[in-house]
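A look at the structure
Given next are the chains, with one letter for each unit.
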Amino acid sequence: MRLVFHKRLFPATSDFVSRPRPGWPGVALALTLGATLAGWSPAAERRPNVIVILTDDQGSVDANCFGATDLHTPGIDLLAQRGVRFTQFYSGAPVCSPSRAALLTGRYPIRAGVPGNVSSQQGQAGMPPEQVTMAEIFQAAGYATGHIGKWHLGYTPETMPNAQGFDHSFGHMGGCIDNFSHFFYWQGPNRHDLWRNGVEIQCPGQFFPDLMLAEAIEFIERNQERPFFLYFAKNTPHYPYQGDPQWLEHYRDVPYPRNLYAAFVTTLDARVERLVKRVDALGLAEQTIVVYQSDNGHSTEERAHFGGGSAGPYRGAKFSLFEGGIRVPAVISWPNRLPSGAVRGQRAHACDWLPTLAELCGVEPPAELDGRSLTAVIRSESAPSPHDVLHWTTGNSWAVREGDWKLLGNPRDTSTKDSPPPGEPLFLVNLADDPGETKNLAADHPDIVRRLKDRHEAMSRR
């Protein structure tokens, strides 16, 4: 039997599981459907908790465990030590809103109705309400669901978090805020943007990452006796770079703007570490799956001091479909239930988290997903990638990856403010031979170009 998800079955209220509903198969049935030996067993224990940590504009290699040896990131490193670290993990898009839509729905952004960034203006809609989110499938299974941090998927009652499956929501609805005033300053007039459950609140002068941490800990402590799903959507290291004074001092001899960015990454990491250690202190470590991912590559925008982040050997940055814009840090940890200290090089995608977590938790996912479960890959380094083909679009740019071959259409290089345009409308690369995407092979392999272009056109019509 398969549960079919309809938005009308997911009201934005916290007492959903306590009220009988005509035609609804009941919580007991929902708690057994979909349970697998790969994850939760209904006869053995309660469902695991889930914490999804999504960072903002963190570079492809920007954690110590991902190769940035100049960065102090003990919190991210702890998750990697306890879990599985991916080296070929891709975001759903090279920019904020569509990458978040991909993660929360398990669908490519163009199919989730979010092909590009949505407005940061109150009253503007975003992701279509009929899209089924990760929060809704966990809410239906009896989980307490919480959103803490950045949203950027709609700024109307129908498209804000409480209408998208979250019992509790705290954070900002637009693309970014100043971390002390909680104002959006980048498209005047300046606007205050801090909300709790749809009600604007005022916390002037309080550092937003600390507010997020306190809210997340309170949510976990309040719900520790039942399974919970927490979407901890950090707004860091997205501009404005506002690192802790101690980390600004720590990195004072690092060249600008890496010093400012590095301080903000470590400021981010310190809150991740505190959150994980609070979970440990509550005795919930072995009951809690933690996913960590950046939404896209680092920014080279003027407001981000034209850089500071790093894509390591990869070309591109935020807004680009070269690897540096979409290849991101990613980890999954579940102590004593999943491998620890493991590394996986198989191709994986942000859309995969929804079906993966659904399988591990015994929760039925919605139909028609673009993501595929990664449980086999997580458990075995020899398991094949669940993807033969991956697809991205942003603006008029697009990319298709099939095996080691990747074709980019109308590519844009955002590595630095002075990056030259590629010059060719079609750019073909073999990533096994040229991970830095330095040489265009399109003229040498017209058959591969034709095949991948056909793939793009077919996937764009889905």
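About the cut-offs
Residues numbered from 1 in each chain as written. Predicted model: local features only at pLDDT ≥ 70, side-chain atom pairs only at ≥ 80, totals over all residues. Heavy atoms only, no water. Helix = DSSP H or I, 4+ residues; strand = E, 2+ residues; numbered from the N terminus. Contact = heavy atoms within 4.5 Å. Areas by Shrake-Rupley, 256 points an atom, 1.4 Å probe, with all protein chains shown as cover. Pairing = 2+ DSSP bridges. Axes fitted to C-alpha atoms, helices over the stretch in contact; angles between N-to-C directions. Parallel < 35°, antiparallel > 145°, perpendicular 65-115°, else oblique. Left-handed = near helix turned anticlockwise from the far one by under 90°. Buried < 20%, exposed > 50% of the residue type's maximum accessible area, 1.4 Å probe, protein only. Disulfide = S-S within 2.5 Å. pLDDT = per-residue confidence, 0-100. Salt bridge = Lys/Arg side-chain N within 4 Å of Asp/Glu carboxyl O.

With that settled, the discussion passes to the overall build of the chain. When you go through the chain residue by residue, the secondary structure sums to twelve helices and 18 strands. Counting contacts in the chain only where the partners sit at least 6 residues apart, residues at least 24 apart contribute 70% of the total. In the structure as shown, the chain presents an accessible area of about 16800 Å², 52% of it carried by carbon and sulfur atoms.

With respect to the helices and strands, the residue His238 is situated in the loop between strand 10 (228-233) and helix 7 (245-250). In this structure His238 touches Asp56, Asp57, Cys96, Lys150, Gly175, Cys176, Phe264 and Lys318, once residues within four positions along its chain are discounted.

Glancing now at the environment of Arg111. Secondary-structure assignment places Arg111 in helix 4 (residues 109-112). Taking the C-alpha atoms as reference points, Arg111 and Ser460, 349 residues apart in sequence, are found 8.8 Å from one another. Other than its neighbours up to four places away in sequence, Arg111 contacts Gln131, Glu368, Leu369, Asp370 and Arg462.

Turning next to the sheet that holds strand 1 (residues 49-55). Pairing is mixed across the open sheet formed by ten strands, whose spatial order is 9-8-5-4-10-1-11-12-2-13. Strands with a single pairing partner mark the edges of an open sheet, and in this sheet they are strand 9 (199-200) and strand 13 (342-344). Across seven bridges, strand 1 lies against strand 11 (residues 288-294) in parallel orientation. Its bridge partner being in strand 11, Thr55 is matched across the sheet by Ser294. Where helix 2 (residues 74-82) meets the sheet, its contacts fall on strand 1, strand 2 (83-86), strand 11, strand 12 (330-333) and strand 13, and the angle it forms with strand 2 comes to roughly 110°.

Below, the discussion takes up the packing of helix 6 (residues 208-222) against helix 8 (residues 258-281). Geometrically, a packed helix pair is captured by the angle between its two axes and the distance between the axes. Relative orientation of the contacting elements helix 6 and helix 8 amounts to 15°, with a least axis distance of 10 Å. With respect to helix 8, the axis of helix 6 lies roughly parallel. Classified by chirality, the crossing of helix 8 by helix 6 is right-handed. Here Pro209, Asp210, Leu213, Ala216, Ile217, Ile220 and Glu221 of helix 6 come into contact with helix 8, specifically with Arg271, Arg274, Leu275, Arg278 and Val279.

Through backbone hydrogen bonds, the strands of a sheet pair up, either in parallel or in antiparallel fashion. If you walk across this open sheet you meet the four strands as 15-16-17-18, and the pairing is antiparallel. If you trace the sheet from one side to the other, it starts and ends with strand 15 (389-394) and strand 18 (426-430), each paired once. Neighbour to neighbour, the strand axes of the sheet diverge by 10° on average, direction disregarded. As paired strands, strand 16 (residues 397-402) and strand 17 (residues 405-409) are joined by five bridges and run antiparallel to one another.

This next bit is on the environment of Leu79. Examined against the element boundaries, Leu79 turns out to sit in helix 2. Here the alpha-carbon distance between Leu79 and Val272, two residues 193 residues apart in the chain, equals 9.5 Å. Among residues more than four places away in sequence, those in contact with Leu79 are Ile53, Val272, Val276, Val290, Tyr292, Val331 and Ser333.

Of all six residues making up strand 15, six are buried, and the element is well covered by its neighbours. Judged by which residues are buried, strand 15 turns out to be covered on both faces: Val389, His391 and Thr393 on one side and Leu390, Trp392 and Thr394 on the other are all buried. Note: strand 15 against strand 16, six bridges, orientation antiparallel. Bridge pairing in strand 16 places Thr394 opposite Ser397. What sits between strand 15 and strand 16 in their antiparallel hairpin is a turn of two residues, with Gly395 showing a positive phi close to 55°.

What follows covers the state of the cysteines. Tallying each qualifying case throughout the model produces zero disulfides. Here Cys96 stays free of any disulfide, with the sulfur of Cys176 as its closest cysteine sulfur at 8.1 Å.

What follows deals with unusual backbone geometry. A cis geometry characterises the amide bond from Gly188 onward to Pro189, with omega recorded as 0°. Looking at where Pro189 falls in the secondary structure, it is placed in the loop between strand 6 (183-184) and strand 7 (191-192). Residue Pro237 is reached from Thr236 by a cis peptide bond, and omega for that bond is 5°. The residue Pro237 is located in the loop between strand 10 and helix 7 in this model. Backbone geometry at Asn197 places phi at a positive 50°, although glycine is not the residue there.

We now examine the confidence of the model for the chain. When pLDDT drops low, the exact placement of atoms in the prediction is not to be read closely. Across the chain, the average pLDDT comes to 91, with 90% of residues at 70 or higher. Under a pLDDT of 50 for its full length, residues 8-38 has, in the predicted model, 53 contacts with residues more than four places off or in other chains.

For the coordinates displayed, the defined rule picks out 25 salt bridges. Arg271 is the salt-bridge partner of Asp244, the closest N and O atoms lying 2.5 Å from each other. Linking Asp244 in the loop between strand 10 and helix 7 with Arg271 in helix 8, this pair joins segments that are 27 residues apart in sequence. Residue classification places Asp244 among the buried positions, given a relative accessible area of 10%. Overall, the relative accessible area of 2% leaves Arg271 in the buried class.

Remember that side chains alternate between the two faces of the sheet whenever the strand is regular. Pairing of strand 2 with strand 12 involves four bridges; the strand directions are antiparallel. Looking at strand 12, one finds that Arg85 is bridged to Val331. With three bridges connecting them, strand 2 and strand 13 associate as parallel partners. In the sheet register, Arg85 faces strand 13, and the bridge partner there is Val343.

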